[in-house]
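One-letter residues, chain by chain:
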Amino acid sequence: MSARRGLVRCAALALIWGTSGGSLAARPTQPTAPASRWVERVRGLMGTRFAIRARIERAEQAEALDRALERVDALERLWSPWIEGSDLHRINAAGGKPVVVEPATLALLERSLALCKASAGAFDPTFFALHGLWDFRAQPFVPPTDAAIAARLPAVGCAGIRLDAAARTVQLLRPGARLHLGANAKGTALDAAARVLHDAGLRDFAVDGGGDLVLSGQGPKGPWRVGVQDPGTARGRDIGRLALGAGAVATSGDYERSVVHQGRRYHHILDPRTGRPAMATRQVTVLVPAGPHAGERADALATALFVMGPERGRRWLAEQERGMRPAERTRVFWIAADGRRHASGVLPWVDGKG
Ligand code: ADP
Ligand code: MG
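Residues numbered from 1 in each chain as written. Chains lettered and ligands numbered in written order. Predicted model: local features only at pLDDT ≥ 70, side-chain atom pairs only at ≥ 80, totals over all residues. Heavy atoms only, no water.

Chemist: Is there a simple way to think about the coordination of the magnesium ion (ligand 2) in this case?
Modeler: Perfect tetrahedral coordination of a metal by four donors corresponds to 109.5 degrees between them, and perfect octahedral coordination by six donors corresponds to 90 or 180 degrees. Those protein atoms acting as donors to the magnesium ion (ligand 2) are Ala-183 (O), Asp-299 (O), Asp-299 (OD) and Thr-303 (OG1), and they sit at 2.2 to 2.7 Å. Mapping the donors of the magnesium ion (ligand 2) onto the primary sequence gives the spacing A-x115-D-x3-T. Of this pair, Ala-183 sits in the loop between strand 6 (169–172) and helix 5 (185–199) while Asp-299 sits in helix 6 (residues 294–320), and the two are 116 residues apart along the sequence. With a relative accessible area of 17%, Ala-183 lands in the buried category. (Donors = N, O, S within 2.8 Å, 3.2 Å for Na, K, Ca; no water. Helix = DSSP H or I, 4+ residues; strand = E, 2+ residues; numbered from the N terminus. Buried < 20%, exposed > 50% of the residue type's maximum accessible area, 1.4 Å probe, protein only.)

Chemist: Looking at this model, I keep getting lost on the sheet that holds strand 16 (residues 281–289). Mind explaining?
Modeler: Hydrogen bonds between backbone groups are what pair the strands of a sheet, and the pairing can be parallel or antiparallel. Taken in spatial order, the eight strands line up as 2-3-7-8-11-16-17-18 in an open sheet, and their pairing is antiparallel. Each edge of the sheet is formed by a strand with only one pairing partner; in this case those strands are strand 2 (37–45) and strand 18 (341–344). Strand-to-strand twist in this sheet, taken as the mean axis angle between neighbours without regard to direction, amounts to 10°. Sheet analysis places strand 3 (residues 48–56) next to strand 7 (residues 205–209), joined by five bridges and oriented antiparallel. Within strand 7, the position partnered with Ile-52 by the bridge is Val-207. Relative to strand 7, helix 5 is tilted by about 155°, and along the sheet it contacts strand 3, strand 7 and strand 8 (212–216). (Pairing = 2+ DSSP bridges. Axes fitted to C-alpha atoms, helices over the stretch in contact; angles between N-to-C directions. Contact = heavy atoms within 4.5 Å.)

Chemist: How should the packing of aromatic side chains be read in this particular structure?
Modeler: Aromatic ring pairs are described here by two measures, namely the spacing of the ring centres and the angle between the planes. Here the structure, examined in full by the defined rule, presents eight aromatic pairs. For the ring pair Phe-141 and Tyr-266, a centre distance of 5.2 Å and an interplane angle of 45° mean the geometry is tilted. Of the two residues, Phe-141 is situated in the loop between helix 3 (103–118) and helix 4 (146–152) and Tyr-266 in strand 13 (residues 264–267); the sequence distance between them amounts to 125 residues. Across the pair, Tyr-266 and Phe-141 agree in class, each one buried. Ring-pair connections join several aromatic residues into one group, and the members of that group are Trp-134, Phe-136, Phe-141 and Tyr-266. (Phe/Tyr/Trp six-rings, centres within 6.5 Å; stacked < 30°, edge-to-face > 60°.)

Chemist: What is the right way to look at the nonpolar core in this model?
Modeler: One recurring pattern in soluble globular proteins is that nonpolar side chains are buried together. Judged by nonpolar contacts, the single largest core of 70 residues is most densely connected at Ile-91, Leu-197, Val-286 and Leu-305. Looking at this core element by element, the count peaks at twelve residues for helix 6. Counting 19 residues, the second largest nonpolar core, distinct from the first, contains Leu-13, Leu-242, Phe-333 and Ile-335. (Core = buried A, V, L, I, M, F, W, Y, C linked by side-chain atoms within 4.5 Å.)

Chemist: What am I meant to see in the site of ligand 1 here?
Modeler: Close contacts around ligand 1 come from 17 residues, with Ala-122, Asp-124, Ser-252, Leu-270 and Asp-299 the closest. Ala-122 places a main-chain nitrogen or oxygen 2.9 Å from a nitrogen atom of ligand 1. Within the side chain of Asp-299, an N or O atom sits 2.9 Å from an oxygen atom of ligand 1. Compared with its free state, where it exposes 570 Å², ligand 1 has 93% of that area covered by protein. The dominant element in the shell around ligand 1, judged by the number of residues it contributes, is helix 6, at three residues. Looking at side-chain class alone, the shell around ligand 1 contains eight nonpolar, five polar and four charged residues. (Near = heavy atom within 4 Å. Polar contact = N/O pair within 3.5 Å; in protein donor to acceptor, adjacent residues only side chain to side chain. Areas by Shrake-Rupley, 256 points an atom, 1.4 Å probe, with all protein chains shown as cover. Nonpolar A, V, L, I, M, F, W, Y, C, P; charged D, E, K, R; others polar.)

Chemist: Looking at this structure, I do not really get the pattern of salt bridges. What am I missing?
Modeler: Opposite charge on two side chains lets them pair, provided their charged atoms get close. Throughout the structure, instances matching the rule amount to 20 salt bridges. Between Arg-55 and Asp-204 there is a salt bridge whose closest N-O contact spans 2.7 Å. Of this pair, Arg-55 sits in strand 3 while Asp-204 is found in the loop between helix 5 and strand 7, placing the two residues 149 residues apart along the sequence. Like Asp-204, Arg-55 is buried. With a closest N to O distance of 3.6 Å, Asp-212 and Lys-186 form a salt bridge. (Salt bridge = Lys/Arg side-chain N within 4 Å of Asp/Glu carboxyl O.)

Chemist: Can you help me understand the sheet that holds strand 4 (residues 99–100) in this one?
Modeler: In space, the three strands of this open sheet follow the order 4-6-5, with antiparallel pairing throughout. Since the sheet does not close on itself, it has two edges, and those belong to strand 4 and strand 5 (161–164), each with one partner. The pairing of strand 5 with strand 6 spans four bridges and is classified as antiparallel. Following the sheet pairing, Ile-161 is matched in strand 6 by Leu-172.

As structure tokens, this is what we get:
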């Protein structure tokens, strides 16, 4: 296929951009808005590549794309556990004392705790107490012993996080506890970037964070097209393409950071209850309708539903979204460990079939 792909395939989704090459700025303008043109900005952020494509009507609107990426940069400095002075770094280094954080951090942690509880710990930012046990880059890779995992597990669990909204503090109650928002902060950053663009008056745009997307309006040729990668052909073929309007889409796969050791694949999505890589799923794609936290929710749910696997995940989601109208519901596509495909809701495939 000669389609110009999304710039990144860090995850298993790719924004498909038109059907011929050429620079984005040179794309034909929309017949309905003759003065408009598409612009693009790309930057390495949050350990991946962020790309924004947007239709602008006035040259100065292009600055909104830079501001949106600045916002992502600011959130990375707030939430990266690796950056000294970040809210997460300070929480993890506080030795169990309460730490005053930014309102945005408190709000994100409140939503994270709510999902942790609702998912019975399938999504759990305290998984990071296991940090260092699973080193997929080590040569040779050595899985941790049962005893090593058992020694860390008491520090895992969101009941060990105390949030005080009035004092704006976060406190880790369990010795050895640490937080990491790797499963949802990227989605929060996509939402924040989308808000900057929206506030600048932009309506047709895609914000892409390593393949997870927040979409608004339409693409240059109508509904946005997003390719879902076939996990069997890592970085190769797509299973099919989705036609999407406004909303968020995120994928989690078992091959992004992984290693095969003695015939078993070990990877970076852990089941916090066992302290081991979750084994029920190869890949999951989550579609969330447009909303202020759609990107965050898609990102977080991709991880939670990966851990749960299709059978439990479908039941859980139906329970969570009981009484919602179909248009408000989350749609999910899993490829299970045995290669079988499962869906919750009807996915808008344009070709290929999930
Ligand atoms: P990415 O898009 O970075 O490939 P995901 O959105 O699937 O990844 O999130 C995986 C990341 O989330 C891991 O690298 C780790 O930081 C974190 N994580 C892993 N397992 C869990 C879990 N069960 N709950 C919350 N966070 C997790
Ligand atoms: Mg995620």
